[in-house]
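Understanding the architecture of this molecule
Given next are the chains, with one letter for each unit.
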Amino acid sequence: MTKHASFTVPGLTEESGHHVAEALQLRLHALNDLHLTLKHAHWNVVGPTFISVHEMLDPQVDLVRGFVDELAERMATMGVSPNGLPGDLVAKRTWEDYSVDRADAQAHLSALDEVYNGVIEDHRAAIAKVGDVDPITEDLLIGQTAELEKFQWFIRSHLDDGQGNVK
């Protein structure tokens, strides 16, 4: 069994196409982790602002799940087999597991703000890595990053003290 096909997209060499697709694997893992983390927060948030946070998180979960599918399909299109297995995610991730269980909205939103920082920073690094080689993949990552940044703004607006400081 092989992880790589003997093809990639037209206009790229097999080697460069596979290299770009391989760069997406950790993004795939990060987004799989993010959608599970968002769902965990959705289930475990409590307190007076429960319903607003609970309902805010579901559209994020759905869109991030879609991002995962887009990345996996892009990898496959480029001739690299995407790995969505939990064991591979845990073995290869470079971030700590989400540490908040049942807690108020502020605790979850503060922790999620940090999660988004890491995911967005790593997406931006991937954009820089693939941009000169494959503008299609770069565009995909740029679009995802824009949406991730908007979601982080939603989270931060709950944490803003009214003076522009995130608490």
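Let me begin by describing the structure that accompanies this report. (Residues numbered from 1 in each chain as written. Predicted model: local features only at pLDDT ≥ 70, side-chain atom pairs only at ≥ 80, totals over all residues. Heavy atoms only, no water.)

1. Re the packing of helix H2 (residues 50-77) against helix H4 (residues 105-130)
Using the following cut-off: To obtain each axis, a line is fitted to C-alpha atoms, and for helices this fit is confined to the stretch in contact; angles are then taken between N-to-C directions over 0 to 180 degrees. Under the scheme used here, helices are H or I runs from DSSP no shorter than 4 residues and strands are E runs no shorter than 2 residues, and both carry numbers assigned from the N terminus. Between 65 and 115 degrees an angle is taken as roughly perpendicular, under 35 as roughly parallel, over 145 as roughly antiparallel, and anywhere else as oblique. Note: crossing handedness is left-handed where the near helix turns anticlockwise from the far helix by less than a right angle, and right-handed where it turns clockwise. Contact between two residues is taken to exist if any of their heavy atoms lie within 4.5 Å; hydrogens are not considered.
Axis separation between H2 and H4 bottoms out at 12 Å; the angle between their running directions is 25°. Classed by the angle they form, the pair H2 and H4 counts as roughly parallel. H4 is crossed by H2, and the crossing has left-handed handedness. On H4, the residues touching Val 53, Met 56, Leu 57 and Gln 60 of H2 are Ala 105, Leu 109, Leu 112 and Tyr 116.

2. Quick notes on helix H5 (residues 135-159)
Let me state the cut-off plainly: Expected helix span is taken as 1.5 Å per residue step, with the number of steps being one fewer than the number of residues. Each residue's exposure class comes from its accessible area (1.4 Å probe, protein chains only) as a fraction of the maximum for that residue type: buried when under 20%, exposed when over 50%, partly exposed otherwise.
Helix length check: H5 (25 residues) gives 35 Å between terminal C-alpha atoms against 36 Å at 1.5 Å per residue, within 8%. Here H5 has its buried residues at Thr 137, Leu 140, Leu 141, Gln 144, Thr 145, Leu 148, Phe 151, Gln 152, Ile 155 and Leu 159. Buried residues in H5 make contact with helix H1 (14-44), H2 and H4.

3. A closer look at H1
With 31 residues, H1 should cover 45 Å at 1.5 Å per step; its first-to-last C-alpha distance of 45 Å lies within 8% of that length. Counting buried positions over the 31 residues of H1 gives 22, a clear majority of the element.

4. Focus: the environment of Asn 32
Its location among the elements puts Asn 32 in helix H1. Residues Asn 32 and Ile 136 lie 104 residues apart in sequence; the distance between their C-alpha atoms is 21 Å. Those residues within four positions of Asn 32 in sequence are excluded, and the remaining contacts are Val 68, Gly 84 and Leu 89.

5. What to know about the packing of aromatic side chains
The line we're drawing: Any two rings among Phe, Tyr and Trp, with Trp reduced to its six-membered ring, count as a pair given centres within 6.5 Å; such a pair is stacked if its planes are under 30 degrees apart, edge-to-face if over 60, and tilted if neither.
Going through the model one piece at a time under the given rule, you end up with two aromatic pairs. Ring geometry for Phe 151 versus Phe 154: centroids 6.2 Å apart, planes at 55°, classification tilted. Placement of the pair is Phe 151 and Phe 154 together in helix H5, with a separation of three residues, close to one helical turn. Residue class for Phe 151 comes out buried when judged on its relative accessible area of 5%. You can call Phe 154 partly exposed: its relative accessible area is 27%. When the ring of Trp 153 is compared with that of Phe 154, the centres are 5.4 Å apart and the planes differ by 50°; the resulting orientation is tilted.

6. Re the nonpolar core
Heads up, the rule is: Working definition of a nonpolar core: buried Ala, Val, Leu, Ile, Met, Phe, Trp, Tyr and Cys residues. They are joined through side-chain atoms within 4.5 Å.
Counting residues in each nonpolar core, the largest one holds 43 residues, and the members touching the most others are Leu 31, Leu 34, Leu 38, Tyr 116 and Leu 148. Of all elements in the fold, only H1, H2, H4 and H5 reach the threshold of two or more residues within this core. Among all residues touching Leu 38, those that are not within four sequence positions of it are Leu 57, Gln 60, Val 61, Val 64, Leu 112 and Tyr 116.

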